[in-house]
Amino acid sequence: MRIARFSIDGNVAFGAVEGDRPDELVLDIIKGIPFADFELSGTKVPLSKVRLLPPVLPNKVVAFGRNYAEHARELGNEVPDAPFAFFKPSTAVIGPGDEIQYPSFTEDLHHEAELAVVIGRMCREVPRERVKDVIFGFTCANDITARDVQKREKQWARAKGFDTSCPLGPWVETDLDVETASDLTIQLTVNGEQRQLGRTSEMIHSIEDLVVNISEAMTLLPGDVILTGTPAGVGPLNVGDEVAVTIEGIGTLTNKVVKRG
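Because the structure is predicted, anything quoted here is derived from the model rather than measured. (Residues numbered from 1 in each chain as written. Predicted model: local features only at pLDDT ≥ 70, side-chain atom pairs only at ≥ 80, totals over all residues. Heavy atoms only, no water.)

Draft legend 1. Fine view of the overall build of the protein chain. When you go through the protein chain residue by residue, the secondary structure sums to six helices and 20 strands. Relative to its length of 261 residues, the protein chain is compact, with a C-alpha radius of gyration of 17 Å against a globular reference of 18 Å. Across its three principal directions, the C-alpha atoms of the protein chain cover 55 × 45 × 30 Å. When each of the 261 residues of the protein chain is scored for burial, the buried share is 52%. A separation threshold of at least 6 residues defines the contact pool for the protein chain, and within that pool the share at least 24 residues apart is 70%. Here the protein chain displays about 11700 Å² of accessible surface, and carbon together with sulfur accounts for 47% of that area. (Helix = DSSP H or I, 4+ residues; strand = E, 2+ residues; numbered from the N terminus. Rg over C-alpha atoms; globule rule 2.2 N^0.38 Å. Buried < 20%, exposed > 50% of the residue type's maximum accessible area, 1.4 Å probe, protein only. Contact = heavy atoms within 4.5 Å. Areas by Shrake-Rupley, 256 points an atom, 1.4 Å probe, with all protein chains shown as cover.)

Draft legend 2. Region of interest: the side chain of K60. Structurally, K60 is set in the loop between β5 (51-52) and β6 (61-65). When its relative accessible area of 13% is taken as the criterion, K60 is described as buried. The residues touching K60, leaving out its near neighbours within four places in the chain, are K88, M218, T219, L220, L221, D224 and V225.

Draft legend 3. Highlighting the sheet that holds strand β18 (residues 235-236). Pairing is antiparallel across the open sheet formed by three strands, whose spatial order is β13-β10-β18. Edge positions in the sheet fall to β13 (145-146) and β18, since each of these pairs with one other strand and no more. Summarising the sheet, strand β10 (residues 109-111) and β13 pair through two bridges and their orientation is antiparallel. Note on β13: the bridge partner recorded for H110 is T145. (Pairing = 2+ DSSP bridges.)

Draft legend 4. Molecular detail of the environment of I204. Summarising the element assignment, I204 is placed in the loop between β16 (193-199) and α6 (207-215). Note: C-alpha distance between I204 and F136 (68 residues apart in sequence) is 23 Å. Other than its neighbours up to four places away in sequence, I204 contacts R66, N67, Y68, A69 and V79.

Draft legend 5. Spotlight on the nonpolar core. Counting 45 residues, the largest nonpolar core has L115, I135, F138, I207, I226 and I247 as its most contacted members. Residue contacts for I247: discarding those within four places in its chain leaves E114, L115, T139, C140, L184, T185 and I186. Judged by nonpolar contacts, the second largest core, of 19 residues, contains I3, V61, V93 and L227. (Core = buried A, V, L, I, M, F, W, Y, C linked by side-chain atoms within 4.5 Å.)

Draft legend 6. Representation of the pattern of salt bridges. Across all of its chains, the model carries 15 salt bridges by this definition. Of the charged contacts, one joins R21 and D23 as a salt bridge, the two residues approaching to 3.2 Å between their closest N and O atoms. For D98, the salt bridge identified is with R51, shortest N-O distance 3.0 Å. Of the two residues, D98 sits in the loop between β8 (93-94) and β9 (99-102) while R51 sits in strand β5, which places them 47 residues apart along the sequence. Accessibility expressed as a relative area gives 14% for D98, which makes it buried. Its relative accessible area of 47% is what places R51 among the partly exposed residues. A single network of salt bridges, built from pairs that share partners, joins K88, E112, D143, R147 and K160. (Salt bridge = Lys/Arg side-chain N within 4 Å of Asp/Glu carboxyl O.)

Draft legend 7. Molecular detail of the pairing of β9. Alternating positions in β9 separate cleanly, I100 and Y102 being buried on one face and E99 and Q101 remaining unburied on the opposite face. Pairing between β9 and strand β20 (residues 251-259): four bridges, direction parallel. Across the sheet, Q101 pairs through a bridge with V258, a residue of β20.

Draft legend 8. Structural view of the pairing of strand β2 (residues 11-18). Bridging between strand β1 (residues 2-8) and β2 involves seven bridges; their strand directions are antiparallel. Its bridge partner lying in β2, I8 is registered against N11. Between β1 and β2, which follow one another and run antiparallel, lie two residues, and D9 among them has a positive phi close to 55°. Here four bridges tie β2 to strand β3 (residues 26-31), and the two strands are oriented antiparallel to one another. Within β3, the residue paired with A16 across the bridge is D28.

Draft legend 9. The arrangement of the side chain of T145 in detail. Of note, T145 is situated in strand β13. A distance of 3.0 Å separates the side chain of T145 from the backbone oxygen of D143, its partner in a polar contact. One polar contact links T145 to K160, side chain to side chain, over a distance of 2.7 Å. Residues in contact with T145, not counting those within four places in the same chain, are D108, L109, H110, E112, Q150, A159 and K160. (Polar contact = N/O pair within 3.5 Å; in protein donor to acceptor, adjacent residues only side chain to side chain.)

Right, here's the structure in full:
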């Protein structure tokens, strides 16, 4: 099931996305929230009549860096022996179609296409064999990065945590299991030109590795998001660019870059 979060006539709701053709997609509005038992209302609205929002509002976004060997090497970094985590604040999150604001403090803004894991229940110290039970689903993400700031400041809080630096969407796909999600095509285009192309099977540390690693340290809450790293091919974005992340079996997340006002 594809679960979207959307607004219509000033109201915000979750809905199940139905249909195959992009121009025929409809939302069956969900009674309640998708992290608990819920029912479909049977009330359906065309996707074209709503505004899609970030599919979840995470308490925290835990991201893992340098989890694809070729990406680590393209930036001159060593491949880490253990998962390498950092955070993006909830204020970094935007949804499909929202604008990525080019910050005034950088001159080298980069895209990074990523598979995002959405947590479905409160959990801590998750054993490997239970990881599948705590995952709600998967979505597309773009880890927007001020590369010059990242290099200059030696830590990543401002470089990767600024407002609008974490596009998520267009919805959460709940029908993918961990095994399937571990071997999907992931690609990114800028203005229709392919920049990144890889497979999630190229991850150094698996989805299970990442969930086990971070849950050893902290409690994960429903709606929290884990970013799993980016394949090679990262590169610059400019004001006016349209950037799209597409992941096999999930969908396409598209955003435009604008100058921060």
